[in-house]
Amino acid sequence: MEFKPLKDRLDSLPLILAGPIVRRTEPKQVTVWVALKEPCKVTLRIYGEDENARLVEIFSGTTTTISLGYNLHLTAVTARKNDEQDSLAWGGRYYYNLFFDEVALDGLTENNSPVDELDEKSLKGGGILETDLMPVDISYDSSGLPSFVLPEKELKDLRIIHSSCRKPHGEGEDMLAKVDELIDEAVKNPSEIKRPQQLFLTGDQIYADDVAPTMLAMLMDASEALIDWKEKLPGIEIDDEGLLPNNRQKFAEEIAKLTAGDVSGNHLFTVGEYWMMYLFVWSKVLWDQNVWNKEEFDNETDQRIYNLYKKLSRVRKALANISTYMICDDHEITDDWFLNLQWCVDVFGSQLGRRILLNGMLGYALFQAWGNDPDQFEWGNPDGAGYQFLEAVQKWRPIGDIDLSVQKALELALGIADADMVKKIKEARSLHVIHENAEALSWHYHVPGSKYQVIVLDTRTWRYFPGDPVEGDADELEDGNNAPALLGKEALDAQILPYKPVDNPFEITFVVSAAPVIAIEWASEYRASMSRFGGKLLADYEDWEYQKDAVWQLFATLSTFGPVSTISGEPHNLSRIIFLSGDVHYGYTSKIDYQRKPLSGNPELKKGAKSIFTQLNSSALKNQDIKTKHAQFVGYKQKKYILPFWDKKTNASYEYAEHIVANRVEQSPLNCPGGSRWDIERIRCIASGIITDIFGDETDDEIIGRNNIGEVYFSNDSKRISQILHWKDDDNEKHSSHYVIELDFNPA
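Every value quoted in this text rests on a predicted model; they were computed, and no experiment measured them.

Cut-offs applied
- Position labels on residues start from 1 in each chain and follow its written sequence.
- Local features in a predicted model are, by the rule used here, given only for residues with pLDDT of at least 70; side-chain atom pairs are given and counted only at 80 or more, and totals for whole chains, interfaces and linings are based on all residues.
- Hydrogens and waters are ignored; side-chain quantities use all the structure's heavy atoms.
- Secondary structure elements are defined from DSSP: runs of H or I of at least 4 residues count as helices, runs of E of at least 2 residues count as strands, and each element is numbered from the N terminus.
- Contacts are assigned to residue pairs that have any heavy atoms within 4.5 Å of one another.
- Methods summary: accessible areas were calculated by the Shrake-Rupley approach with a probe of 1.4 Å, and residue burial reflects only the protein chains presented.
- Throughout, nonpolar core names a set of buried Ala, Val, Leu, Ile, Met, Phe, Trp, Tyr and Cys residues whose side chains join them through atoms within 4.5 Å.
- The buried label applies to any residue whose accessible area, calculated with a 1.4 Å probe on protein chains only, is under 20% of its type's maximum; exposed applies above 50%, and partly exposed to all values in between.
- To estimate the expected span of a helix, subtract one from its residue number and multiply by 1.5 Å.
- The seven residues ending at a residue and the seven starting there each receive a fitted axis; the angle between those axes is the bend at that residue.
- Strands are treated as partners if at least two bridges between them are detected by DSSP.
- Angular values range over 0 to 180 degrees, each being the angle between N-to-C directions of two axes fitted as lines to C-alpha atoms, with helices fitted over their stretch in contact.
- As a per-residue measure, pLDDT reflects the predictor's confidence and takes values from 0 up to 100.
- Any carboxyl oxygen of Asp or Glu within 4 Å of a side-chain nitrogen of Lys or Arg constitutes a salt bridge here.
- Pairing of N or O atoms within 3.5 Å defines a polar contact, subject to two protein rules: one partner must be a possible hydrogen donor and the other a possible acceptor, and residues neighboring in sequence count only if both atoms are side-chain atoms.
- To pair, rings of Phe, Tyr and Trp, with the six-membered ring standing in for Trp, must have centres within 6.5 Å; the planes then decide the type, stacked if under 30 degrees apart, edge-to-face if over 60, and tilted in the middle.
- The crossover handedness rule: strands pointing away from the viewer, path from first strand over the helix to second strand clockwise, crossover right-handed.
- Should an angle fall under 35 degrees it is taken as roughly parallel, and over 145 as roughly antiparallel, whereas 65 to 115 is taken as roughly perpendicular and any remaining angle as oblique.
- For any helix crossing, the convention is left-handed if the near helix is rotated counterclockwise from the far helix by under a right angle, and right-handed if that rotation is clockwise.
- Residue type decides the class: Asp, Glu, Lys and Arg count as charged, Ala, Val, Leu, Ile, Met, Phe, Trp, Tyr, Cys and Pro as nonpolar, and the leftover types, Gly among them, as polar.

1. Regarding the overall build of the protein chain
Consideration 1: Broken down by element type, the protein chain carries 18 helices and 24 strands.
Consideration 2: Considering only intrachain contacts with a sequence separation of at least 6, the fraction spanning at least 24 residues in the protein chain is 74%.
Consideration 3: Counting every atom, the protein chain has about 28400 Å² of accessible surface; 46% of that belongs to carbon and sulfur.

2. A word on the nonpolar core
Consideration 1: Counting residues in each nonpolar core, the largest one holds 143 residues, and the members touching the most others are Trp-275, Met-276, Leu-366, Phe-389 and Phe-510.
Consideration 2: Once residues within four sequence positions are removed from consideration, Leu-366 is found in contact with Trp-33, Ile-66, Leu-68, Leu-74, Trp-275, Phe-389, Leu-390 and Val-393.
Consideration 3: If you look at the next biggest cluster of nonpolar residues, it comprises 28 residues, including Leu-44, Tyr-94, Leu-98 and Leu-129.

3. Looking at helix H9 (residues 351-372)
Consideration 1: In this model H9 runs 30 Å from its N-terminal to its C-terminal C-alpha over 22 residues, within 8% of the 32 Å that 1.5 Å per residue would give.
Consideration 2: When the local axis directions of H9 are compared, the greatest deviation, roughly 40°, occurs at Ala-365.
Consideration 3: Along H9, 21 of the 22 residues are buried, which leaves the element largely enclosed by surrounding structure.

4. Focus on the sheet that holds strand E5 (residues 66-69)
Consideration 1: Pairing in this open sheet of four strands is antiparallel, and the strands run E1-E2-E6-E5 from one edge to the other. Taken across any chain shown, the strands that pair with only one partner, and hence form the sheet edges, are strand E1 (16-26) and E5. Taking each pair of neighbouring strands and ignoring which way they run, the sheet shows an average axis angle of 15°.
Consideration 2: Here E1 pairs with strand E2 (residues 29-36) via six bridges, running antiparallel. Along E2, the bridge assignment pairs Val-22 with Val-32.
Consideration 3: Here H9 sits on the sheet in contact with E1, E2, E5 and strand E6 (72-80), set at roughly 25° to E1.

5. Let's talk about the confidence of the model for the protein chain
Consideration 1: This prediction gives the protein chain a mean pLDDT of 84; 83% of its residues lie at or above 70.
Consideration 2: Every residue in residues 107-119 scores below 50 in pLDDT, and together they form 22 contacts with partners more than four places removed in sequence or on other chains.
Consideration 3: Counted against residues more than four places away or in other chains, residues 638-700, with its pLDDT under 50, gives 161 contacts.

6. A look at the pattern of salt bridges
When their charged atoms lie close together, side chains carrying opposite charge are able to pair.
Consideration 1: Tallied over the entire structure, the rule returns 37 salt bridges.
Consideration 2: Where Lys-121 meets Glu-102, a salt bridge forms, and the shortest distance between an N and an O atom there is 3.3 Å. Remark: Glu-102 occurs in strand E7 (residues 93-104) and Lys-121 occurs in the loop between strand E8 (107-108) and strand E9 (147-149); sequence separation between them is 19 residues.
Consideration 3: For Lys-121, a relative accessible area of 26% gives the class partly exposed.
Consideration 4: Taking relative accessible area as the criterion, Glu-102 reaches 46% and is therefore assigned partly exposed.
Consideration 5: The closest approach of N and O atoms between Asp-329 and Arg-460, which form a salt bridge, is 2.9 Å. In this pair, Asp-329 is assigned in the loop between strand E12 (323-326) and helix H8 (341-348) and Arg-460 in the loop between strand E14 (452-456) and helix H13 (474-478), connecting sequence segments 131 residues apart.

7. Regarding H8
Consideration 1: The buried fraction of H8 amounts to seven of the eight residues, a majority that puts the element mostly inside the structure.
Consideration 2: Next to the buried residues of H8 lie H9 and helix H12 (419-428).
Consideration 3: Where H8 begins, the capping side chain belongs to Asn-340, and its oxygen is found 3.2 Å from the backbone nitrogen of Gln-342.

8. Here's the deal with the packing of aromatic side chains
Consideration 1: Tallied over the entire structure, the rule returns 31 aromatic pairs.
Consideration 2: Residues Trp-229 and Trp-275 carry aromatic rings whose centres are separated by 6.4 Å and whose planes lie at 85° to one another, so their mutual orientation is edge-to-face. Remark: Trp-275 occurs in helix H4 (residues 271-282) and Trp-229 occurs in the loop between helix H2 (213-226) and helix H3 (249-255); sequence separation between them is 46 residues.
Consideration 3: For the pair Phe-510 and Phe-714, a centre-to-centre distance of 6.2 Å together with 75° between the ring planes defines the contact as edge-to-face. Residue Phe-510 is found in strand E15 (residues 508-512), and its partner Phe-714 is found in strand E22 (residues 708-714); the two are separated by 204 residues along the sequence. Of the two residues, Phe-510 and Phe-714, neither departs from the other in class, the shared state being buried.
Consideration 4: Taken together, the aromatic side chains of Phe-280, Trp-287, Trp-292, Phe-297, Tyr-306 and Tyr-309 make up a single cluster linked through ring pairs.

9. Here we look at the environment of Ala-523
Consideration 1: Tracing the backbone shows Ala-523 in helix H15 (residues 521-531).
Consideration 2: For the pair formed by Ala-523 and Thr-628, sequence separation is 105 residues and the distance between their alpha carbons is 10.0 Å.

10. A few points about the pairing of strand E10 (residues 159-163)
Consideration 1: Of all the five residues making up E10, five are buried; the element is thus mostly covered by neighbouring parts of the structure.
Consideration 2: The two faces of E10 match: Arg-159, Ile-161 and Ser-163 on one face and Ile-160 and His-162 on the other face are all buried.
Consideration 3: Bridge analysis of E10 against E22 gives four bridges, and the strand direction is antiparallel. Bridged to Ile-160 within E22 is Val-712.
Consideration 4: Relative to strand E11 (residues 198-201), E10 is paired through four bridges, and the arrangement is parallel. Its bridge partner lying in E11, Ser-163 is registered against Leu-201.
Consideration 5: Between the parallel pair E10 and E11, the chain is carried across by helix H1 (residues 178-188), and the sense of this crossover is right-handed.

11. A closer look at the packing of H1 against helix H7 (residues 312-319)
Consideration 1: Look at H1 against H7: their axes get within 7 Å of each other, and the N-to-C directions meet at 55°. One element, H1, and the other, H7, form an angle in the oblique class. Here H1 runs over H7; the crossing is left-handed. Touching Lys-178, Val-179, Asp-180, Glu-181 and Ile-183 of H1 are Arg-314, Lys-317 and Ala-318, all from H7.
Consideration 2: Residues that form the contact of H1 with H7 fall into these classes: three nonpolar, no polar and five charged.

12. Let's talk about the sheet that holds E22
Consideration 1: With mixed pairing, six strands are arranged side by side in an open sheet as E12-E11-E10-E22-E23-E24. A single partner strand is all that each edge strand has here, and the edge strands are E12 and strand E24 (734-742). Within this sheet the neighbouring strands show an average axis-to-axis angle of 20°, counted without direction.
Consideration 2: With four bridges joining them, E11 and E12 adopt parallel strand pairing. When the bridges of E12 are listed, Leu-201 appears paired with Met-326.
Consideration 3: Across the sheet, H1 is in contact with E10, E11, E22, strand E23 (720-728) and E24; its angle to E10 comes to roughly 170°.

13. Side note on the side chain of Ser-264
Consideration 1: Along the polypeptide, Ser-264 turns up in the loop between H3 and H4.
Consideration 2: Judged by its relative accessible area of 1%, Ser-264 falls in the buried class.
Consideration 3: Residues contacting Ser-264, with those up to four places away along its chain left out, are Asp-209, Arg-248, Gln-249, Ala-252 and Glu-253.

14. Some points on the environment of Ile-402
Consideration 1: By secondary structure assignment, the location of Ile-402 is in the loop between helix H10 (385-395) and helix H11 (404-414).
Consideration 2: For the pair Ile-402 and Lys-232, spaced 170 residues apart in the sequence, the C-alpha separation amounts to 9.4 Å.

15. Comments concerning unusual backbone geometry
Consideration 1: Geometrically, the link from Gly-19 to Pro-20 is a cis peptide bond, its omega value of 0° lying close to zero.
Consideration 2: Looking at the secondary structure, you find Pro-20 in strand E1.
Consideration 3: Geometrically, the link from Ser-619 to Ala-620 is a cis peptide bond, its omega value of 0° lying close to zero.
Consideration 4: Here the phi dihedral of Lys-257 falls at roughly 65°; this positive angle occurs in a residue that is not glycine.

16. Here's the deal with the packing of H8 against H9
Consideration 1: Two elements in contact, H8 and H9, have axes whose closest approach is 6 Å; the angle formed by their N-to-C orientations is 100°. Overall, the two elements H8 and H9 adopt an arrangement that is roughly perpendicular. Residues Trp-343, Val-347 and Phe-348 of H8 pack against Gly-353, Arg-354 and Leu-357 of H9.
Consideration 2: Residue composition of the contact of H8 with H9, by class: four nonpolar, one polar and one charged.

Next comes the structure, spelled out in structure tokens:
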């Protein structure tokens, strides 16, 4: 059937274009994100159940949408308790509803009265969430309302989901839809299964640099329909046909200086395209369903897009019913964003490159970061960076003679470097100077639980580059001189140290890093060797281990987070750190047993430390290929690593590594006897083990190179952590690979 432009379908669309998505949830506040077709005042009401199972309002909050275009309006509305209202309980199940009052584009209407629950202008009303031709279900029970569960009070009851890397035309099934299945199973069997409480999307929620031609055509069409202005891109003089699908690589590489390579012929350029991509991967509303409501397509790429489309209703339902936290990686902006110092100099030095970065960051800030840390964007704080940013967004119309003051405000907020800042970055060899501006927004954040905490790292915009810009000398790159430290010292101080427990340590600290901290060694070496066949920015050295000093600083800092115990007459911190990561397009589980002697010259590290560092990796949600399948075939190639394992040719100081004794083992997916004593019998057991599959069948896969999603939970005594990687094989058969890591410092 012939494609019908969105502008001809607008009147038939419901008010809500995407969402609702439950974002940050805490005992004293809840945030829900939503994208609308019209400007509205939005009220969020949170409900609990009384002794008769009736819904009773606990607290609420109201805000107005911001306008991105005539037919596109966003908000992340937060409901907060006041002094007289009750807090939500850890592990409690709560429902919510959204209510919508019309507002004019230039301000509120006079109708500020409360809206009755049965009023049509709520999630229960017609034309708000669905239409007769587009039914939508976002409730798991007879209430008709979406719900969420706060994290459980005890670790044994905690259930976390995580993964990354979801490309619409990636090969295979969209595993994000698995969250819907996991929630549904728990709702139907509450006495047997704990409902998932948090979802962490650890990077690459969209792919801006690698877009299918059909997808780009839909985004361009939707942008024209929803936004009442057409962006004029700087640095190029081309007509509209010059930006059509399959025709952008020359502009991306030669003018913008981007390094995405051959796939950049459909790179997102305009801000509208970035915004539309989020709307399309989170909701079916904007898709032409007359075109996509079939099962077979003429080409493989469109067939893969259909595999995403057909699961969107389940994805949307899941995101409306679980607290969802996000962090960006490179593909939200461009591959490889902030790869090295030369990349920064080149792209910041291009007008088109700067605009593409600005547009990508605008999308990330509005569609992801706003819900992660809503306090930063609080409307009630006109002096805050987030408030100023949202004010500037509503004035941003990059057409003709743009308002340079608005552009400057957005660039400062989003860390887009001008000539002066580029000079500072080159001198400091660090992106931390971006965050020295009071106007700059922060992307890292902290999520506390009852007996655990989550620290979400920004490993993109705080990088340290120890080497000078180079033209691609492979030897220098191999030595690590041009590889980035994903976090420099200033970043560790800003992103991690503020959450070091003082009086009452958490039992567990989760650390979200887009790239895995404990990598599969052979896979890292393979990626680095293959990257040498590129151009002048040839090496994708973005693993933590390429700058060893940064890794040891990270480990040393986190090793101070646990409670203190006396070992051999000396005080030691005993820390349990769980890394949640994705990025590499395969899933696995690894562990490092770490011991550090006291560093007398460092006041932060004056105690010794014993730590268990566990790496839980899940990737990709939808981006498997022949290379990742090969990784699954190869497996770990298990062997014992004695750390430190750095390259002696590098120039790092290793202050933090000199007093370390540590063992590293890639953990096979089984519950192997022997606890965490890494002796030869333990290694032999791992090498010959099989997966314990919780659904009854057995496989011998150690690395999962098919699309997968990770489920994390603890044992009843909280001394073991498990990761289940859910995936499908080439015959569409379901598998669930079960990994177990010991967290006990003194196993029996």
